[in-house]
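What follows is the residue order along each chain.
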Amino acid sequence: MAVAPTGIISSLGVGSGLDVNSIVSQLMTVEQQPLTLLNQKETDFQAKLSAFGTLRGALSSFQSSVQSLDSLDKFQTFTASGSNPAVLTATAGTGAASGAYSFNVTQTAQAQSLEAVGQTTTTAAIGSGSTTTLTFDFGTISGGLLTAGVYSGATFNQDASQGSGTVTIDSSNNSLQGIRDAINAANIGVSASIIKDGSSAPNRLVLTNTATGAAHSVRVSVSGDSALQTLLGYNPAGTQNLKQSVAAQDAALTINGLSITSASNTVTGALEGVSLSLAAPGTTTVTVGRDSSAVKTAIQGFVKAYNDLNGTLHDLTKFDPTTLQAGTLIGESSVLTIQNQIRNALSATLGGVDGSSLKTLSQAGIAFQRDGTLAIDTTKLSAALSGNLDDLAALFTSVGRSTDSLIQFSGSTGATQAGKYSVNVTALATQGTVAGSAPAGTTITAGVNDQLNFTVDGVSSSVTVAAGIYTAATLATQVQAAINGAAALSAQGVSVAVTQSGGVLSITSSSFGSNSSVSASGSAAATAFGGVPVSSAGTDVAGTIDGAPAGGSRQVLTATSSGASGLAIVVTGGSVGARGSINFSRGYARGLNDLIDSLLSTSGLIAGSTDGINSTIKDLDDQRGRLNDRLVSIKARYVQQFTALDSLISSMQTTSSFLTQQLAQLPKAGG
């Protein structure tokens, strides 16, 4: 092998002849090329992760627009406009009927107001301070004559649907001010205030019912201090120590000539689906119509959101032949699958919509264009909005249409398939009851047989039945008012109805099903129930849906068969036996919402793709770690090798210099 000239060797370094650092650095640049490739791969995969995040966001935005259409209430709203808001205003909601209605309001509802005789001060004690109970009963005053705020010859009929209320007065609150505060704190349906009339005894306690209507007149019974009895005792059919300044009054009006009364100036139920707010006597007309504006806006938003999603999918998967630039997710099979699944869902024909004029989106004016976007045919959509809003609702939402008016669609699950399912009821839901074993005794004596303990639907309480001589009907009224006035029950939304038949009392829970129950005990029970009361628990509805046994809870039957699984219906009455069928359809919005849920789930296509990418990135990180370790070793070897070479060259240079000097000292030939 030829030896490199000394000049070249000398030029490689300074002193030793080699620049080791520069040589190693250049060699390591070559060795690091695989690491650069790994970094580029990771950058590409991180870009894909970001792109999938963009796709996830676009799907979520589209899902929001889908969910705005997956609401049956949106398709069942109405508007109401009146010609004279000074008389009344109207608000229409679900279940209203389109039409024009004439109203004539002859009187508005008002609350009863009673006033006591004036007192000189508001803080002086009234009476001895002995414990006194004020009992407030609510009902209707009928007959007789009202003169200067006092009734003569009238009767008071207690309303069983309103609970009685009690207030305790003693030495701590037996001033006018204390009585006022105690009544207001009791929250029993009566508010108290003190009004000064400017006389020598100007301070008058005024009691006003918090509810309007004739049935909210009050009777105040006072048990205890005689001074408080003289001040506050009030029985429209007897002694009246309070004076009525305002009579309780129902609102009276006609709707298209039909007479209507209402305890409140907010009238609901008179005109189905429409709430009326009465302001003053007078006449007006109200026009009720379907409100399709919210549906139209939601459909427009749905189309725009899909087109935005479609644009995102296009940008992520496109290839530009001019710039040769490809979308980040081009070639990703999961993205193509997502795109196809959504398009197929939008193009499918709905099942379970027998008799509907709309079974595809295109029939409602929503159709695909050549570029893959959706567009709205305004003529078709307007026709659907104005004439087929119920069918349009079934096109988007989950709807169950029953052939039996006493069976209502309640709900469904993702497993419920569109179709027609037969319904057979084998047992109707019943309510828990407790009934007397004999006619009721009708005399209640304080401290003897006035305590009634009861448990309704698992909620227990006790009440004191007001002493008196009753009929079976009035005793039933008193017991119902007492039970429903119990705070423990009202706090849980529990109530009862007390009735009598042939003098025998029965208490029935307002709820249905196996959790519905009533029991009674206490000193008043033996009297009210003619002996030992007999309890019967409620039962759940039972039957079949699609020929398979359905789960029953209260009045709700829930299908368990494979096709109808999760379909829930409410059986509100009727008879046992075959009860027709229910047609269930899963609208486009519900189907798309479920599809997007699956795509975005932790086990969905996007999660599968991103999990794979993250796994690959982890593998790249592991490879990078191993490669970095290897590069450290390689660099160390290069440094060692070239350092040794540097020493060798340095030694050779020293030897060369020595030899040169020695050769220079040799005698020249011929000298």
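What you are looking at is a predicted structure, and each value in this text was computed from that prediction instead of being measured.

Q: Before we move on, could you go through the overall build of the protein chain and cite the residues and values that matter?
A: Scanning the protein chain from terminus to terminus reveals 14 helices and 40 strands. Relative to its length of 671 residues, the protein chain is extended, with a C-alpha radius of gyration of 44 Å against a globular reference of 26 Å. By principal-axis analysis of the C-alpha atoms, the protein chain measures approximately 170 × 70 × 55 Å. Total accessible area computed for the protein chain in this model is approximately 31,900 Å², and 53% of it derives from carbon and sulfur atoms. In the protein chain, the 30 positive side-chain charges and the 38 negative ones have mean positions that sit 8 Å from each other.

Q: Tell me about helix α6 (residues 293–317), residues and numbers included.
A: When the terminal C-alpha atoms of α6 are compared, their 36 Å separation across 25 residues agrees well with the 36 Å that a helix rising 1.5 Å per residue should span. Of all the residues in α6, the buried ones are Val295, Ala298, Ile299, Phe302, Val303, Ala305, Tyr306, Leu309, Asn310, Thr312, Leu313 and Leu316.

Q: Can you explain the side chain of Gln63? Please cite residues and give values.
A: Within the secondary structure layout, Gln63 lies in helix α3 (residues 33–69). Residue Gln63 is classed as buried on the basis of its relative accessible area of 9%. At a separation of 3.0 Å, a polar atom in the side chain of Gln63 contacts the side chain of Asn593. A distance of 2.8 Å separates a polar atom in the side chain of Gln63 from a polar atom in the side chain of Asp597. Once you skip the residues sitting within four places of it in the chain, Gln63 turns out to touch Asn593, Ile596, Asp597 and Leu600.

Q: Which residues make up the environment of Tyr638, and what values do they have?
A: Along the chain, the position of Tyr638 falls in helix α14 (residues 605–665). If sequence neighbours within four positions are ignored, Tyr638 has contacts with Val24, Leu27, Met28 and Glu31.

Q: If you had to explain the layout of surface pockets to someone new, which residues and values would you point to?
A: Looking at the largest pocket, its volume works out to about 450 Å³. Every element with two or more residues in the lining of the largest pocket is listed here: β5 (132–142), β9 (165–169), β12 (217–223), β29 (459–464) and α10 (472–484). The dominant element in the lining of the largest pocket, judged by the number of residues it contributes, is β12, at three residues. In the lining of the largest pocket, the residues fall into eight nonpolar, ten polar and one charged.

Q: Can you lay out the nonpolar core for me, pointing to particular residues and giving the numbers?
A: Ranked by internal contacts, the top residues of the largest apolar core, which has 52 residues, are Leu55, Phe62, Phe302, Ile342, Leu392 and Phe396. Looking at this core, the elements with two or more residues in it are α3, α6, α7 (333–347), α8 (378–387), α9 (389–396), α13 (588–600) and α14. The contact partners of Leu392, leaving out residues within four places of it in the chain, are Phe75, Val295, Ile299, Leu358, Ala364, Ala384 and Leu385.

Q: Lay out the pairing of strand β18 (residues 282–290) in plain terms, naming residues and giving numbers.
A: Inspection of the sheet shows strand β1 (residues 78–82) paired to β18 by five bridges, in the antiparallel sense. Counterpart to Thr79 in the pairing with β18 is Gly289. When strand β3 (residues 99–107) meets β18, the two strands line up antiparallel, connected through seven bridges. Within β18, the residue paired with Ser102 across the bridge is Thr285.

Q: Residue-level account of the pairing of strand β2 (residues 88–92), with values.
A: Side-chain alternation along β2 places Leu88, Ala90 and Ala92 on a buried face and Thr89 and Thr91 on a face that remains uncovered. Sheet topology places β2 next to strand β17 (residues 274–278); five bridges connect them, and they run antiparallel. Among the inter-strand pairings, Thr89 is bridged to a residue of β17, identified as Ser277.

Q: Quick rundown of the confidence of the model for the protein chain? Include the residues and the values.
A: Within the protein chain, residue pLDDT values average 89, and 97% of them lie at 70 or more. Of the regions scoring below 50 in pLDDT, residues 1–15 engages in twelve contacts with residues more than four places distant in sequence or in other chains.

Q: Now, about the sheet that holds β29: what can you tell me, with residues and values included?
A: The three strands are arranged β29-β28-β33 in an open sheet whose pairing can be described as antiparallel. Two strands bound the open sheet, and with one partner strand each, they are β29 and β33 (518–521). For this sheet the average axis-to-axis angle between neighbouring strands, irrespective of direction, equals 20 degrees. Pairing of strand β28 (residues 451–456) with β33 involves four bridges; the strand directions are antiparallel. Across the sheet, Val456 pairs through a bridge with Val518, a residue of β33.

Q: Break down the pattern of salt bridges for me, with residues and values.
A: By the definition in use, this model includes twelve salt bridges. For Asp197, the salt bridge goes to Arg204, with nearest N and O atoms at 2.7 Å. Judged by relative accessible area, which is 26%, Arg204 ranks as partly exposed. A cluster of three or more residues bridged by salt bridges with shared partners is formed by Glu115, Asp197 and Arg204.

Q: Could you give an account of a nonpolar patch on the surface, with specific residues and numbers?
A: Where nonpolar side chains cluster on the molecular surface, the patch consists of Phe658, Leu659, Leu663 and Leu666 and spans about 420 Å² of accessible area. Locating Leu659 in the fold gives a position in helix α14.

Q: Could you give an account of the environment of Ile444, with specific residues and numbers?
A: Mapped onto the secondary structure, Ile444 falls in strand β27 (residues 443–444). Assessed through its relative accessible area of 4%, Ile444 is described here as buried. As for Ile444 and Gly468, which are separated by 24 residues in sequence, their C-alpha atoms are 5.3 Å apart. Contacts of Ile444, omitting those with residues within four sequence positions, involve Asn449, Asp450, Val465, Ala466, Ala467, Gly468, Tyr470, Leu475 and Thr527.

Q: I'd like to hear about unusual backbone geometry, residue by residue, with values.
A: A positive phi is found at Asp457, a non-glycine position, where the angle reads about 50 degrees. Residue position: Asp457 is located in the loop between β28 and β29. For Arg554, which is not a glycine, the phi torsion comes out positive at approximately 60 degrees. In this structure, Arg554 sits in the loop between β37 (551–553) and β38 (556–558). Arg554 gets classed as partly exposed once you look at its relative accessible area, which sits at 38%.

Q: Give a description of the packing of α7 against α13 that names residues and reports values.
A: Their axes nearest at 10 Å, the elements α7 and α13 cross at an angle of 165 degrees. Relative to α13, the element α7 is oriented roughly antiparallel. The chirality of how α7 crosses α13 is right-handed. In contact with Ile338, Gln341, Ile342, Ala345 and Leu346 of α7, α13 contributes Tyr588, Leu592, Leu595 and Leu599.

Q: Now, about the packing of aromatic side chains: what can you tell me, with residues and values included?
A: According to the stated counting rule, one finds six aromatic pairs in the structure shown. Residues Tyr306 and Phe368 carry aromatic rings whose centres are separated by 5.8 Å and whose planes lie at 80 degrees to one another, so their mutual orientation is edge-to-face. In this pair, Tyr306 sits in helix α6 while Phe368 sits in strand β21 (residues 366–368), placing the two residues 62 residues apart along the sequence. For Tyr306, a relative accessible area of 2% translates into the label buried. An aromatic cluster of three or more residues is present, and its members are Phe62, Phe75, Phe302, Tyr306, Phe368 and Phe396. In this arrangement the basic side chain of Arg637 is found over the ring face of Tyr638, its NZ or CZ atom lying 5.6 Å from the centre.

Q: Please provide a residue-by-residue account of the sheet that holds β17, values included.
A: The strand order β2-β17-β16 describes an open sheet built from three strands, whose pairing is antiparallel. Edge strands, defined here as strands with exactly one partner in the open sheet, are β2 and β16 (266–271). Strand after strand, the sheet turns through a mean of 30 degrees between neighbouring axes, direction not considered.

Cut-offs and rules
Residues numbered from 1 in each chain as written. Predicted model: local features only at pLDDT ≥ 70, side-chain atom pairs only at ≥ 80, totals over all residues. Heavy atoms only, no water. Helix = DSSP H or I, 4+ residues; strand = E, 2+ residues; numbered from the N terminus. Rg over C-alpha atoms; globule rule 2.2 N^0.38 Å. Areas by Shrake-Rupley, 256 points an atom, 1.4 Å probe, with all protein chains shown as cover. Lys, Arg positive; Asp, Glu negative; His and termini not counted. Charge placed at Lys NZ, Arg CZ, Asp CG, Glu CD. Expected span 1.5 Å × (residues − 1). Buried < 20%, exposed > 50% of the residue type's maximum accessible area, 1.4 Å probe, protein only. Polar contact = N/O pair within 3.5 Å; in protein donor to acceptor, adjacent residues only side chain to side chain. Contact = heavy atoms within 4.5 Å. 1 Å grid on protein atoms, 1.4 Å probe; cavity = no way out; pocket = protein on both sides within 12 Å on 5 of 7 lines; lining within 4 Å. Points joined across faces, edges and corners; volume = space filled by probe spheres on them. Nonpolar A, V, L, I, M, F, W, Y, C, P; charged D, E, K, R; others polar. Core = buried A, V, L, I, M, F, W, Y, C linked by side-chain atoms within 4.5 Å. Pairing = 2+ DSSP bridges. pLDDT = per-residue confidence, 0-100. Axes fitted to C-alpha atoms, helices over the stretch in contact; angles between N-to-C directions. Salt bridge = Lys/Arg side-chain N within 4 Å of Asp/Glu carboxyl O. Patch = residues over 30% accessible without salt bridge, like charges linked within 9 Å, V, L, I, M, F, W, Y side chains within 5 Å. Parallel < 35°, antiparallel > 145°, perpendicular 65-115°, else oblique. Left-handed = near helix turned anticlockwise from the far one by under 90°. Phe/Tyr/Trp six-rings, centres within 6.5 Å; stacked < 30°, edge-to-face > 60°. Lys NZ or Arg CZ within 6 Å of the ring centre and 35° of its normal.

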